[in-house]
Amino acid sequence: MTSNNKKKVFSGVQPTGALHLGNYLGAIKNFVSLQTDYDSLYCIVDLHAITVWQNPKELKDNILEVASAYLACGIDPKNSTIFVQSSVPQHAELAWIFNCISRIGWLNRMTQFKEKAGKNKENVSSGLYTYPNLMAADILLYQADLVPVGDDQKQHLELTRDIAQKFNNDYSDFGGDNFFSIPEPLILSGSARIMSLRDGSKKMSKSDSSSMTRIELKDDNDLIVKKISKAKTDPLPMPGSLKELDSRPEVRNLLNIFSSLREETVSEIINEFNGKQFSDFKKNLSDLLISKLEPIRLELLKIEADKSYIRDVLSNGSYKAIEKSEKTIKEIKNIIGLG
Ligand code: AQP
């Protein structure tokens, strides 16, 4: 607990490209709803982004884009600390310490590394491999109680908990006993994994080479209609039960999106459209997306045009984050015997 008795929340988004509906429904929408009840830190995790090569000019722009998206979606800098990870050097410092705590066997089990490295395992950066240690540092640096993430990040959260526990055990005789509180993942209802519009077995992702696989926060209304009308389905009629969705991943994904946006269950949506044409459903889905995303897009464009406002928000955020993290890192170094 913090001095104001609010629990702490930490989460982040990588500045790796245009933000999409998955980032919004799986992460940012939840950040907004948590910020009044929790002491919230929302980070733009650029050090994570460079685990895969980024064009430096685009990276700079993408950092500002994530900051603008946070603000446009409703994260309020009066309630939350918004900052860029690399502007707070304590993240990298603690990540190095965690490289020495975390075990190779633990990292070898991370499915996200296996998915991202694919067949190219020998040739990806070592940063991609140790990425979960940096994520643990992000969270534990602020002694966060809760971490709102999409369910794809749950395994990394478990590793964070393992690192915290091992640190507490390894240094229990040196002031480390119960030093880190063990953070909990916060997978909120409605934050289902959103899948690609062209392949229901792949998650919607910024780095997919085709923008037709995702709805981007900056897509205008016509483009949303086009992407939804071209979204893959199957020749069968609208489903009549949840069971049918097991073998229909693309249809399930569109229903999940509808249900998340409407904040109703998938069963309710199935009942509403049972017996109707797919084209009716898609038209309703496009209308719903437009009603939720158009105000965000307009706000995003307005904020992006005001670079000095964004820079002010980020430099205030970084100041606050350094203030919070400096004390923790000093204590950790003292426990370990560094410096
Ligand atoms: N498809 C998704 N469905 C639900 N949640 C998602 N998130 C990402 N994609 C989906 C959640 O968004 C937060 C920020 O993600 P990130 O940018 O840090 O990294 P990512 O998960 O690797 O996202 P992308 O879009 O797939 O980026 P690239 O293509 O660069 O790897 C996280 O909480 C994540 O769960």
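Note that the structure is a prediction, hence the values are computed from the model and not measured.

## A word on the pairing of strand S3 (residues 80-84)
Move 1: The element S3 is largely enclosed, with a buried count of five among its five residues.
Move 2: The alternating pattern of S3 places Ser80, Ile82 and Val84 on one face and Thr81 and Phe83 on the opposite face, and all of these are buried.
Move 3: Note that strand S2 (residues 39-44) and S3 share five bridges and pair parallel. When the bridges of S3 are listed, Ser40 appears paired with Ser80.

## Focus: the domain arrangement of the protein chain
Move 1: Domain assignment breaks the protein chain into domain 1 (8-186 + 307-336) and domain 2 (211-302).
Move 2: Distance from the C-alpha centre of domain 1 to the C-alpha centre of domain 2: 30 Å.
Move 3: On the domain 2 side, the residues contacting the twelve residues of domain 1 number 14 residues.
Move 4: Around 1100 Å² of area is buried between domain 1 and domain 2 when both sides are counted, 76% of it from carbon and sulfur atoms.
Move 5: Summed over the three residues of domain 1 that lose the most area to domain 2, namely Leu21, Leu25 and Ala72, the buried surface amounts to 40% of that side.
Move 6: Between Glu263 and Lys29 there is a salt bridge, with its nearest N and O atoms 2.9 Å apart.

## Here's the deal with unusual backbone geometry
Move 1: Of note in this structure, Asn178 is not a glycine but carries a positive phi near 55°.
Move 2: Even without a glycine there, the phi angle at Glu263 is positive, about 55°.
Move 3: Locating Glu263 in the fold gives a position in the loop between helix H10 (249-262) and helix H11 (266-273).

## Concerning the packing of aromatic side chains
To describe a pair of aromatic rings, one takes the distance between the centres and the angle between the planes.
Move 1: Applying the stated criterion across every chain, the model contains 14 aromatic pairs.
Move 2: With centroids separated by 5.7 Å and ring planes inclined at 10°, the aromatic side chains of Phe10 and Tyr142 adopt a geometry described as stacked. Separated by 132 residues along the polypeptide, Phe10 in strand S1 (residues 8-13) and Tyr142 in the loop between helix H7 (126-140) and strand S4 (146-148) bring together distant segments of the chain.
Move 3: Relative accessible area serves as the criterion here: at 1%, Tyr142 is assigned to the buried category.
Move 4: Three or more aromatic residues link up through ring pairs in this structure, and these residues are Phe98, Phe167, Tyr171, Phe179 and Phe180.
Move 5: Cation over ring: Lys276 sits above Phe273, and NZ or CZ is 5.6 Å from the ring centre.

## Focus: the side chain of Ser205
Move 1: Inspection of the secondary structure assignment puts Ser205 in the loop between strand S5 (184-186) and helix H9 (221-230).
Move 2: Overall, the relative accessible area of 18% leaves Ser205 in the buried class.
Move 3: Contact partners of Ser205, with chain neighbours within four places excluded, come to His20 and Arg214.

## Quick look at the environment of Thr16
Move 1: Its location among the elements puts Thr16 in the loop between S1 and helix H1 (21-34).
Move 2: Residue Thr16 is classed as partly exposed on the basis of its relative accessible area, which comes to 23%.
Move 3: Linking Thr16 and Asp177, residues 161 residues apart in sequence, is a C-alpha distance of 38 Å.
Move 4: Among the polar contacts listed, one links the side chain of Thr16 to the side chain of Lys206, at a separation of 2.9 Å.

## Re the site of the ligand
Move 1: The environment of the ligand is made up of 22 residues, and the closest members are Ile194, Lys203, Ser205, Lys206 and Ser207.
Move 2: The separation between an oxygen atom of the ligand and a polar side-chain atom of Lys116 is 2.9 Å.
Move 3: Between Met204 and the ligand, the recorded distance is 3.0 Å, taken from a backbone N or O atom to a nitrogen atom.
Move 4: When the free accessible area of the ligand is taken as 630 Å², the share hidden by the protein chains comes to 97%.
Move 5: Sorting the residues of the shell around the ligand by element identifies S1 and H1 as the ones contributing at least two each.
Move 6: With four residues, the single largest contributor to the shell around the ligand is H1.
Move 7: The residue makeup of the shell around the ligand, split by class, is six nonpolar, eleven polar and five charged.

## Observations regarding the packing of H9 against helix H12 (residues 278-304)
How two helices pack is summed up by the angle between their axes together with the distance between the axes.
Move 1: Two numbers describe how H9 lies on H12: the axes approach to 9 Å, and their chain directions differ by 145°. Handedness of the crossing formed by H9 with H12: right-handed. On H12, the residues touching Asn221, Ile224, Val225, Ile228, Ser229 and Lys230 of H9 are Lys282, Leu285, Ser286, Leu289, Ile290, Leu293, Glu294 and Arg297.

## Some thoughts on H1
Move 1: The terminal C-alpha atoms of H1, which comprises 14 residues, lie 19 Å apart, in line with the 20 Å expected from a rise of 1.5 Å per residue.
Move 2: At Ala27, H1 shows its largest kink, close to 35°.
Move 3: Within H1, eleven of the 14 residues are buried, which leaves the element mostly enclosed by the surrounding structure.
Move 4: Within the sequence span of H1, burial applies to Leu21, Gly22, Asn23, Tyr24, Leu25, Gly26, Ala27, Ile28, Asn30, Phe31 and Leu34.

Criteria and thresholds
- The numbers attached to residues start from 1 for each chain and follow its sequence in the written order.
- Reporting of local features is limited, given that this is a predicted model, to residues whose pLDDT is at least 70; pairs of side-chain atoms are given and counted only at 80 or more, and all residues count toward the totals for whole chains, interfaces and linings.
- Side-chain metrics rest on all non-hydrogen atoms present in the structure, leaving aside hydrogens and water.
- Three exposure classes are used, based on accessible area relative to the maximum for each residue type with a 1.4 Å probe and protein chains only: buried under 20%, partly exposed in between, and exposed over 50%.
- Strands are runs of DSSP state E lasting at least two residues, helices are runs of H or I lasting at least four, and both sets are numbered from the N terminus onward.
- Strands are treated as partners if at least two bridges between them are detected by DSSP.
- Boundaries of every domain are those given by an automatic assignment or by a domain database.
- By definition, residues are in contact when any of their heavy atoms lie within 4.5 Å.
- Buried area: the sum, over both parts, of the accessible surface (1.4 Å probe) that disappears when the two are put together.
- We define a salt bridge as a side-chain nitrogen of Lys or Arg found within 4 Å of a carboxyl oxygen belonging to Asp or Glu.
- Any Phe, Tyr or Trp ring, taking Trp's six-membered ring, that has another such ring centre within 6.5 Å forms a pair; planes under 30 degrees apart are called stacked, those over 60 apart edge-to-face, and the others tilted.
- Over a ring means this: the NZ of a Lys or the CZ of an Arg is within 6 Å of the ring centre and within 35 degrees of the ring normal.
- Nitrogen and oxygen atoms within 3.5 Å of one another constitute a polar contact, given that in protein one can donate a hydrogen and the other can accept it, and given that sequence-neighbouring residues count only through two side-chain atoms.
- Proximity is defined per residue: any heavy atom of the residue falling within 4 Å of a molecule or strand makes that residue near it.
- For every accessible area listed, the method is Shrake-Rupley and the probe measures 1.4 Å; residues are considered covered only by the protein chains on display.
- Residues are grouped as follows: Ala, Val, Leu, Ile, Met, Phe, Trp, Tyr, Cys and Pro are nonpolar; Asp, Glu, Lys and Arg are charged; all remaining types, including Gly, are polar.
- Helix axes are fitted to C-alpha atoms over the stretch in contact, other axes to C-alpha atoms as well, and angles between N-to-C directions run from 0 to 180 degrees.
- Handedness of each helix crossing follows the sense of rotation of the near helix against the far helix: counterclockwise by less than a right angle gives left-handed, clockwise gives right-handed.
- To estimate the expected span of a helix, count its residues, drop one, and scale the result by 1.5 Å.
- At every residue, the bend is computed as the angle between two fitted axes, covering the seven residues ending there and the seven beginning there respectively.

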